[in-house]
Amino acid sequence: MPKNTRKIAMAGVATLGAAAVAFTVVPADGQTTTTDSLSSSHVAYSSERVHDVKASVTDLQAGADLKVEAIEARKKAAADAVAAKKAATTAAAQKKTAAAAAAKKAAAKKAAAARAAKAAANRSAQRPVVKQVAVKSYPNNLDGWIREALGIMKKKGIPGSYHGLHKNIMRESSGNPKAINDWDINAINGIPSKGLLQVIPPTFSAYHVPGTSWNIYDPVANITAAANYAADRYGTIDNVNSAY
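The structure reproduced in this document is the subject of the present report. Quick caveat, the model's predicted, so the values are computed rather than measured. (Residues numbered from 1 in each chain as written. Predicted model: local features only at pLDDT ≥ 70, side-chain atom pairs only at ≥ 80, totals over all residues. Heavy atoms only, no water.)

### Regarding the packing of helix H3 (residues 142-156) against helix H7 (residues 219-234)
Following both chains from N to C, one finds H3 and H7 inclined at 50°, their axes separated by 9 Å at the closest point. Taken together, the axis directions place H3 and H7 in an arrangement best described as oblique. Viewed along their axes, H3 and H7 form a crossing whose handedness is right-handed. Residue-level contacts link Trp 145, Ile 146, Glu 148, Ala 149, Ile 152 and Met 153 of H3 to Pro 219, Val 220, Ile 223, Thr 224 and Ala 227 of H7. Residues that form the contact of H3 with H7 fall into these classes: nine nonpolar, one polar and one charged. (Axes fitted to C-alpha atoms, helices over the stretch in contact; angles between N-to-C directions. Helix = DSSP H or I, 4+ residues; strand = E, 2+ residues; numbered from the N terminus. Parallel < 35°, antiparallel > 145°, perpendicular 65-115°, else oblique. Left-handed = near helix turned anticlockwise from the far one by under 90°. Contact = heavy atoms within 4.5 Å. Nonpolar A, V, L, I, M, F, W, Y, C, P; charged D, E, K, R; others polar.)

Spelled out as structure tokens, the structure:
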């Protein structure tokens, strides 16, 4: 018999022998479970239990890690909340400070404006009000000269009327402001009568009305000086009806 065939035959005999041993320990009640079989079952069961325990430990460790992470997350959230609250408080304080500064600046500006307005009002009150007086113009003719002279006479309190002035002017000079008398006694004495109302120079100087020209030939100056003299001598130019 070949060598390999012998090895196979011996393995088969060994197998059959093991099976015979197993049957010899079968109890009288006919149960076929052997002690070796029970031992094998217990070993197998014990191996599964150990595996389950390892898994439970791993799960517990994972759960613990999750709890630690949750605690750290809560701590971080709490720290973030404190930081946010602190930042909000700081921002509110800065905003309040800025608002107070702006209000103070606005109040100072308002006070300065009020002081400036008050100072301007005081200056205006102290400054004399200059009333603008329209300068009335008169035509450069006999009518204009008489009317301008009447305006000055009224301000100075010198009596006289348009009619009184006009009638005496026409009698004395015919309305010529450059008229001069070179033949009467005054002329002989070297002080001839001149102008619209034929006033001699000494009388013109003595009764000259302030604000008028010192030129005896000036129509308005001549009229007002003559009217002033007539008011002093006759009460008014209106009372003069001849040489005066």
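Further notes follow.
### Overview of H3
In this model H3 runs 21 Å from its N-terminal to its C-terminal C-alpha over 15 residues, within 8% of the 21 Å that 1.5 Å per residue would give. Taken together, the buried positions of H3 are occupied by Leu 142, Gly 144, Trp 145, Ile 146, Ala 149 and Met 153. Packing partners of the buried residues in H3 comprise helix H4 (162-172) and H7. For H3, the N-terminal capping position is held by Asn 141, with its side-chain oxygen 3.3 Å away from the main-chain nitrogen of Asp 143. Phi for Gly 157, located one or two positions after H3, is positive at around 75°. (Expected span 1.5 Å × (residues − 1). Buried < 20%, exposed > 50% of the residue type's maximum accessible area, 1.4 Å probe, protein only. Polar contact = N/O pair within 3.5 Å; in protein donor to acceptor, adjacent residues only side chain to side chain.)

### Digging into the environment of Ile 237
Along the chain, Ile 237 falls in the segment after H7. C-alpha separation for the pair Ile 237 and His 163, spaced 74 residues apart in sequence, amounts to 9.6 Å.

### Focus: the packing of aromatic side chains
Counted according to the given criterion, the structure contains two aromatic pairs. Between Tyr 207 and Tyr 229, the ring centres sit 5.3 Å apart and the planes meet at 70°, which makes this aromatic pair edge-to-face. With a gap of 22 residues between them, Tyr 207 in the loop between helix H6 (201-206) and H7 and Tyr 229 in helix H7 connect regions that are remote in the sequence. Accessibility expressed as a relative area gives 13% for Tyr 229, which makes it buried. (Phe/Tyr/Trp six-rings, centres within 6.5 Å; stacked < 30°, edge-to-face > 60°.)

### Brief notes about the pattern of salt bridges
Applying the stated criterion to the full structure yields three salt bridges. Salt-bridge contacts for Asp 80 lead to Lys 76; the nearest nitrogen and oxygen are separated by 3.2 Å. Linking Asp 80 with Lys 76, this pair stays in helix H2 (residues 35-126), spanning four residues, or about one helical turn. Of the residues examined, Lys 76 reaches a relative accessible area of 53% and is grouped as exposed. Asp 143 is paired through a salt bridge with Arg 147; the nearest N and O atoms lie 3.1 Å apart. With a gap of four residues between them, Asp 143 and Arg 147 both fall in helix H3, about one helical turn apart. (Salt bridge = Lys/Arg side-chain N within 4 Å of Asp/Glu carboxyl O.)

### With respect to the nonpolar core
If you look at the biggest cluster of nonpolar residues, it comprises 24 residues, and the most contacted ones within it are Leu 165, Ile 169 and Ile 223. Elements represented by at least two residues in this core include exactly H3, H4 and H7. Tallying contributions element by element places H7 first for this core, with eight residues. Ignoring any residue separated from it by four or fewer positions in sequence, one finds Ile 169 in contact with Leu 142, Ile 146, Ser 174, Gly 175, Leu 196, Leu 197 and Ile 223. (Core = buried A, V, L, I, M, F, W, Y, C linked by side-chain atoms within 4.5 Å.)

### Some thoughts on H7
An α-helical turn contains 3.6 residues, so a residue and the one three or four places further along point in the same direction. Between the first and last C-alpha of H7 there are 21 Å, a value that for 16 residues agrees with the 22 Å anticipated at 1.5 Å per step. Counting buried positions along H7 yields twelve of 16 residues, so the element is predominantly enclosed. Turning to H7, its buried residues number three or more, namely Pro 219, Val 220, Ala 221, Asn 222, Ile 223, Thr 224, Ala 225, Ala 226, Ala 227, Tyr 229, Ala 230 and Ala 231. Residues of H7 that are buried make contact with H3, H4 and H6. Looking at where H7 begins, the residue whose side-chain oxygen comes 3.3 Å from the main-chain nitrogen of Val 220 is Asp 218. Where H7 terminates, the next one or two residues include Gly 235, which has phi positive at roughly 100°.

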